[in-house]
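Chain by chain, the residues run as shown.
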Amino acid sequence: MIVALLLSTAFAAEPVAAPDPAAAQPAAPTGPDRSGPPAVVGPVLRDLPEPEVHQIGALTVHHVQVEGIRKVGLVLALQKGSVEIVGHPTEELQALGDLLGTTTAALDASELATLLDVQDIALQTSLDWHQGEAWATAPRERLETALDVLANVLTGEKFPGKDVKRWTRDRTLRLEVTGPSSQASVASAALNWAWLPPDHPYGARPSAEDAADVRSGRLRAQRAAWLSSSPLDLLVVGDVSWSTLEPLLTARFAELGAAGERPHELPLPPSAATRVIGVNMPEQDQVAIRMRVPAPILGDPDAIPAWALNRNLGGTFLSRLNGNLREEKGYTYGSRSSYAAGEASGSFTISVDVPEKWLGSTIVEIEGELQELVDGGVSADELAASWRAGAAAWNNTFANADTSTGFYWTVLLERSSVALQRGLVHSVETLRSEDVRRVAARCFRSEVPRVWVLVGDQTAMEPQLAALGWQVEWVSPEAAFIGGF
Amino acid sequence: MLWLALSALAAHPSTELVTHPTLTTLPNGLVVLLEENHRTDTVALHLTYGVGARDEQPGELGCAHLFEHLMFEGSEHVPTNKFDEWLTLAGGDNNAYTSEDVTAYHMTFPSGAADLGLFLESDRMGFLLSGITDENVANQRKVVLQERAEGYAEPNGRDWDALTRLVWPEDHPYHHPVIGTVADVEGFTAANTAAFWKAHYRPSNGVLALVGNFDSASMLAKVQAWYADVPEPEGAVGRVGKFEEGVKWLPANGYIEDDVEERSIYLAWRTVPVGHPDEPALDLLEQILSGGRGTRIDDRLYYDTTKATSVFAYHAVSEVGGVFIVAASSPDTLLDRLSKLITQEIGYIPQGLPTDAELERARESIRASWLDRLEDPASRAELLVECHRSTGRPDCLVDEWKRYTDVTADDLARVTKKYLDLETTVSLSVVPRGDPLFLLGAKPVELP
């Protein structure tokens, strides 16, 4: 059919010019074959290079040259996070991650912000449980400036008192006022805190009181100690060769960091029983519904079936939850699920917002969809779509600096390799429905404890939840937002 | 080393903004833009129709947006639910959006699924209505109303629609919200919306761009084949609304109560449409006032003081007009005080002209946003369409950039005085329920 279509056409493309309809007259319009969907060719996975690994002092460099990309992606990782520094997240370490990148020893905050804008350099920093990160993207001709910025914010951030005060004000306002006023933010935070026990290192609750005690001098001392004791990894992805890169990195990073290994994640204790957290936000018309269950971790043989399971449960517009709750029932503008797999824990999360009158029905429909997956797995078409989507994402890796850097950062975070990742994508092609059904049974069967979070007007929700026979822990939005339950 | 970089003017590779699309107009009037990009195996398709909320008449408010939904529900040769199913099965993805001026559909698919993507897209251009049932419409009515409800449920989720009603008078085509009114949306059926679709969804009202891993000649042949049987109805597409120079706008002062914990103030002024000679100066003014740390209003209200907890400026430019907005929020600073601080800073522009450094930073921020969009095939396809729609040339960026480099500090002073005239200010106060501290004299704004 494709050959026939090619032969039936006689129009030539032209360079950009004013349209000239008279120059393109058809011989006779012939209709294409619309009797069914045209055949699809492929996909074939593209070859992606493995990162080259180099050592410069304590810095381990992972370098990938990608021709033709305008920007270079840089990720500098300090391989110690809040758990290694003080045992758990604190407000001070939160401020350290948030404020890093505000100044350098030579530039005040306005000068640095201007430099970044004028040179088209994007910079973001964070400090998480086991790692700190500074992400930068820069046009390849401004690579040297971007590397200067990365090195100088790490070694020279001043944490000006004015910015620390502003951070404290913003943080307090977020924790006490604006966060608890948003249904979506409350639902997300409450689910997080219900999932992370307060006595676990990951479960340390935020504190406006502690945020008020954050001081510049302490932050500078923390930053210096953190940098001098952390193993460093730098990922560089872009159109730059190692011979160009090496002297630039040696001049800036050879003296930084410390020898050591990247820390490992901690396991989370399994929930003993289903928990339902109800958050009372009076006079809301909508209910935000969230649900989470444990899922396979990275490296688990069930991880790839779990990925396919999530994709078909709620990972795409066409997935089962959306098809049911949006397209069939019209309860919601959109429902979705996600699958997060870490080294030591994993989870499936379902999210949907509905009018309050549909709360009970929606919960029943969600459980019904989970049970269908437990009973029957997914169809051959759903599996084929999963394989093609995985391949499409793989083949789209080099779309821009962000997608390229994101892919290689995942490889690094997962202690993986391009070959291993390619193998995982390929393995989707041979998945069977039974593989997915097995994971569904493991994660979604009715006996598996769930964490539910329901945010809305208690008076409207209570009768519907009582009809389901659910025992609910009711909390205020203020308590829910900071895990005070 | 950093100081050297800071003091050096940004030098640009001369080819950065150059694009190389081919342009073809099919016999049925569809404009087709093609550009090869072999870095990925993906094809990005972007199709914009010249129909938006401004084209709706009383009784059909929300119809353009409803069709954004219905276009995925099936067409004559694509049964209900098969559009997404077939595309997803091929590894593709898609979405759409509606504005006052346009409705745009975008897909990405592997290059081996090009025929499928074009089949689906061309079928709903040519043969949608026979696939649409009252059941489809009834379901999407519910989805649209829920979309509105979910948006309005979040803090500050009503602000834009409320501001729009104040900025544009009742007889202006931008007065009503893009999502429509509850009453009109509830009344939509397959029969009473068909005329709207027939009037606007046609090849000559569309611009189609494809960017990705293909050979242009082969892709053009496919496009020509798939659109060969899509008919162009007789008669021209009539569009509602036209920009008029020199209109004396009236001020307005309104408020809404919402489930918010902070008060917010929006100050807005009517400006110019896309392509107007003053558009670049107003865009640059936006950046100079509120382009991050070290810019005027951001420092005055947020970075150097604790007057506001958030602040932004935005020059929203559409086909029939533009609006320049400055907004700020605070839990404790009175809105009247915020309003005065903002207008003071705006007043300083003609007195203390922006420096060369301010202008350069503003320009570079705009250029960087274009370059980022050019890098990715999907946003590049969208940008080619935008260029073609606004200038008649898909490769407009080099000329567009010249419009921005030609702007001087005096131009900024001139447009500030001309458009950000305090006599025509539109103010919207957003306050917590029961809080009387909106701007003096503000009237409640009702959302239909």
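Bear in mind that the values here come from a model prediction, so they are computed numbers and not experimental data.

## As for the overall build of chain A
Regarding its fold elements, chain A presents 19 helices and 13 strands. Dimensions of chain A along its principal axes, counting C-alpha atoms only, are 70 × 65 × 45 Å. For chain A, the residues scored as buried account for 47% of the 485 residues in total.

## A word on the overall build of chain B
Of regular secondary structure, chain B possesses 16 helices and 12 strands. Each principal axis of the C-alpha distribution contributes one length, and for chain B these read about 60 × 55 × 40 Å. Of the contacts formed within chain B by residues at least 6 apart in sequence, a portion of 80% connects residues at least 24 apart.

## Some details on the environment of S330 of chain B
All names here are of chain B. Examined against the element boundaries, S330 turns out to sit in strand β10 (residues 322–330). Take S330: there are 22 C-beta atoms within 10 Å of it, and that puts it in the buried class. In this structure, the C-alpha to C-alpha distance between S330 and G92, residues 238 residues apart in sequence, is 44 Å. Apart from residues lying up to four places away in sequence, S330 is in contact with E262, R263, K307, A308, T309 and L338.

## Quick notes on the nonpolar core
Counting 134 residues, the largest nonpolar core has A190 and V453 of chain A together with L33 of chain B as the members making the most contacts within it. The element best represented in this core is helix α7 (residues 183–195) of chain A, accounting for 8 residues. Apart from residues no more than four positions distant in its own chain, L33 of chain B is found in contact with P21, L23, V207, L208, A209, L384, V385, H388 and P394 of chain B. Judged by nonpolar contacts, the second largest core, of 61 residues, contains I85, V237, L245 and L256 of chain A.

## Some points on the domain arrangement of chain B
All names here are of chain B. Under the domain assignment used here, chain B contains domain 1 (22–226) and domain 2 (252–444). The distance between the C-alpha centroids of domain 1 and domain 2 comes to 29 Å. Tallying the contact residues gives 31 residues for domain 1 and 28 residues for domain 2. Secondary structure elements with two or more residues in the side of domain 1 that touches domain 2: β2 (31–36), β3 (42–49), β5 (103–110), α6 (159–167) and β6 (206–212). Of the residues contributing to the side of domain 1 that touches domain 2, the split by class is 16 nonpolar, 9 polar and 6 charged.

## Regarding helix α9 (residues 216–226) of chain B
Each full turn of the α-helix corresponds to 3.6 residues, which orients residues three or four apart in the same direction. Counting buried residues along α9 of chain B, 8 of its 11 residues qualify, which places the element largely inside the surrounding structure. Among the residues of α9 of chain B, M219, L220, A221, K222, V223, Q224, A225 and W226 of chain B are the ones counted as buried.

## Quick word on the interface of chain B and chain A
Taken together, the contact pairs 77 residues of chain B with 80 residues of chain A. Elements that contribute at least two residues to the side of chain B that touches chain A include exactly α1 (2–7), β1 (22–25), β2, α3 (82–89), α4 (114–126), α5 (134–153), α9 and α13 (356–375) of chain B. Here the element with the most residues in the side of chain B that touches chain A is α9 of chain B; it accounts for 9 residues. Split into classes, the residues belonging to the side of chain B that touches chain A amount to 34 nonpolar, 20 polar and 23 charged.

## Looking at the sheet that holds strand β7 (residues 252–258) of chain B
Residues and elements named next belong to chain B. Pairing is mixed in the open sheet, where 6 strands are placed in the order β9-β10-β8-β11-β7-β12. In the strand order of this sheet, the two ends are held by β9 (310–317) and β12 (443–444), each with one partner. Here strand β8 (residues 263–270) runs beside β10; their pairing, made up of 8 bridges, is antiparallel. Across the sheet, the residue bridging to I265 is A328, located in β10. The sheet strands contacting helix α11 (residues 296–303) are β9 and β10, and the helix crosses β9 at an angle near 150°.

## Structural notes on the domain arrangement of chain A
Residue and element names in this part refer to chain A. Taken domain by domain, chain A consists of domain 1 (52–253) and domain 2 (275–482). On a C-alpha basis, the centroid separation for the pair domain 1 and domain 2 is 29 Å. Listed by partner, the interface residues are 28 residues for domain 1 and 26 residues for domain 2. Among the secondary structure elements, those contributing two or more residues to the side of domain 1 that touches domain 2 are β3 (59–65), β4 (71–78), α7 and β7 (232–238). Across the side of domain 1 that touches domain 2, the residue classes break down as 18 nonpolar, 7 polar and 3 charged.

## Side note on the pairing of β3 of chain B
Residue and element names in this part refer to chain B. Of all 8 residues that make up β3, 8 are buried, and the element is covered over most of its length. Burial of the side chains of β3 extends over both faces: T42, A44, H46 and T48 are buried on one face and V43, L45, L47 and Y49 on the other. With 8 bridges connecting them, β3 and β5 associate as antiparallel partners. The residue of β5 that forms the bridge with T48 is A104. Pairing of β3 with β6, which is carried by 7 bridges, proceeds in the antiparallel orientation. Looking at β6, one finds that Y49 is bridged to G206.

## Remarks on the confidence of the model for chain A
Reading fine detail from the predicted coordinates is not recommended where pLDDT is low. Of the residues in chain A, 94% reach a pLDDT of 70 or more, and the chain-wide mean stands at 92. Contacts of residues 1–28 of chain A to residues separated by more than four positions or lying in other chains number 45 contacts, the stretch itself having pLDDT below 50.

## Comments concerning the confidence of the model for chain B
All names here are of chain B. In the predicted model, chain B carries a mean pLDDT of 94, and the fraction of residues at 70 or more is 97%. Confidence drops under a pLDDT of 50 for residues 1–8, and excluding neighbours within four residues, the segment shows 14 contacts in the predicted structure. The complex prediction reports pTM at 0.92, with the ipTM value standing at 0.92.

## Comments concerning the sheet that holds strand β11 (residues 346–355) of chain A
Residues and elements named next belong to chain A. As summarised here, the arrangement of the 6 strands in space is β10-β11-β9-β12-β8-β13, forming an open sheet in which the pairing is mixed. Looking at strand neighbours, the two that pair on one side only are β10 (335–341) and β13 (473–475), the edges of this open sheet. Looking at each pair of strands side by side, their axes are set apart by 15° on average, direction ignored. As judged from the 6 bridges shared by strand β8 (residues 275–280) and strand β12 (residues 451–456), these two strands associate in the parallel manner. When the bridges of β12 are listed, I277 appears paired with V453. Against the sheet, α7 engages β8, β9 (286–294) and β12, with an angle of about 155° to β12. Contacts between helix α12 (residues 320–328) and the sheet are confined to β10 and β11, with β10 contributing the most and set at about 160° to the helix.

## Brief notes about the environment of D239 of chain A
Residues and elements named next belong to chain A. Relative to the elements of secondary structure, D239 occurs in the loop between β7 and α10 (242–253). Along the backbone, D239 and D302 are 63 residues apart, and their C-alpha atoms lie at a distance of 36 Å. With near-sequence residues (within four places) excluded, D239 lies in contact with Q65, V66, E67, G68, I69 and R140.

## Observations regarding unusual backbone geometry
Apart from glycine, the bulk of residues carry a negative phi angle, and the bulk of peptide bonds sit in the trans form. Residues and elements named next belong to chain A. Following G42, the chain continues into P43 via a peptide bond in cis, with omega recorded as 10°. Its location among the elements puts P43 in the loop between β1 (14–15) and β2 (52–56). Unlike most non-glycine residues, D120 shows phi in positive territory, near 60°. Note that D120 resides in the loop between α4 (109–118) and β5 (122–127). The phi dihedral of R415 falls on the positive side, at around 50°, and the residue is not glycine. Relative to the assigned elements, R415 resides in the loop between α15 (401–413) and α16 (418–429). On the neighbour-count criterion, R415 (12 C-beta atoms within 10 Å) is exposed.

## Overview of the packing of helix α3 (residues 91–99) of chain A against helix α9 (residues 216–229) of chain A
Residues and elements named next belong to chain A. In contact at an axis separation of 10 Å, α3 and α9 are set at 75° when each is read in the N-to-C sense. The pairing of α3 with α9 is recorded here as roughly perpendicular in orientation. Within the contact between the two elements, α3 uses E92, A95, L96 and L99 and α9 uses R218, L219, Q222 and R223. When grouped by side-chain class, the residues that make up the contact of α3 with α9 number 4 nonpolar, 1 polar and 3 charged.

## Side note on the environment of L437 of chain B
Inspection of the secondary structure puts L437 of chain B in the loop between β11 (426–432) and β12. With 176 residues separating them in the primary sequence, L437 of chain B and E261 of chain B have C-alpha atoms 13 Å apart.

About the criteria used
- Every chain's residues receive numbers from 1 upward, in the order its sequence appears when written.
- Chains and ligands are labelled sequentially in the order written, the chains with letters from A and the ligands with numbers from 1.
- Residue-level local features of this predicted model are given only where pLDDT is at least 70; pairs of side-chain atoms are given and counted only at 80 or more, and the full residue set underlies all totals for whole chains, interfaces and linings.
- A helix here means a DSSP run of H or I that spans at least four residues, while a strand means a run of E at least two residues long, and both kinds are numbered starting from the N terminus.
- Each residue is classed by its C-beta neighbour count within 10 Å, where at least 20 other C-beta atoms makes it buried, 12 or fewer makes it exposed, and intermediate counts make it partly exposed; the C-beta atoms are placed from backbone geometry.
- By the convention adopted here, residues are in contact when the distance between their C-beta atoms, placed from the backbone, does not exceed 7 Å.
- Structurally, a nonpolar core is described as a collection of buried Ala, Val, Leu, Ile, Met, Phe, Trp, Tyr and Cys residues joined by way of C-beta atoms within 7 Å.
- These domain boundaries are the output of an automatic or database domain assignment.
- Side-chain classes follow a simple rule in which Ala, Val, Leu, Ile, Met, Phe, Trp, Tyr, Cys and Pro form the nonpolar group, Asp, Glu, Lys and Arg form the charged group, and the remainder, Gly included, forms the polar group.
- Pairing between two strands requires that DSSP report at least two bridges joining them.
- Between N-to-C directions, angles span 0 to 180 degrees; the directions come from axes that are lines fitted to C-alpha atoms, helices contributing only their stretch in contact.
- Note: pLDDT gives the predictor's confidence per residue, expressed from 0 to 100.
- Throughout, the term roughly parallel applies to angles under 35 degrees, roughly antiparallel to angles over 145, roughly perpendicular to angles from 65 to 115, and oblique to all others.

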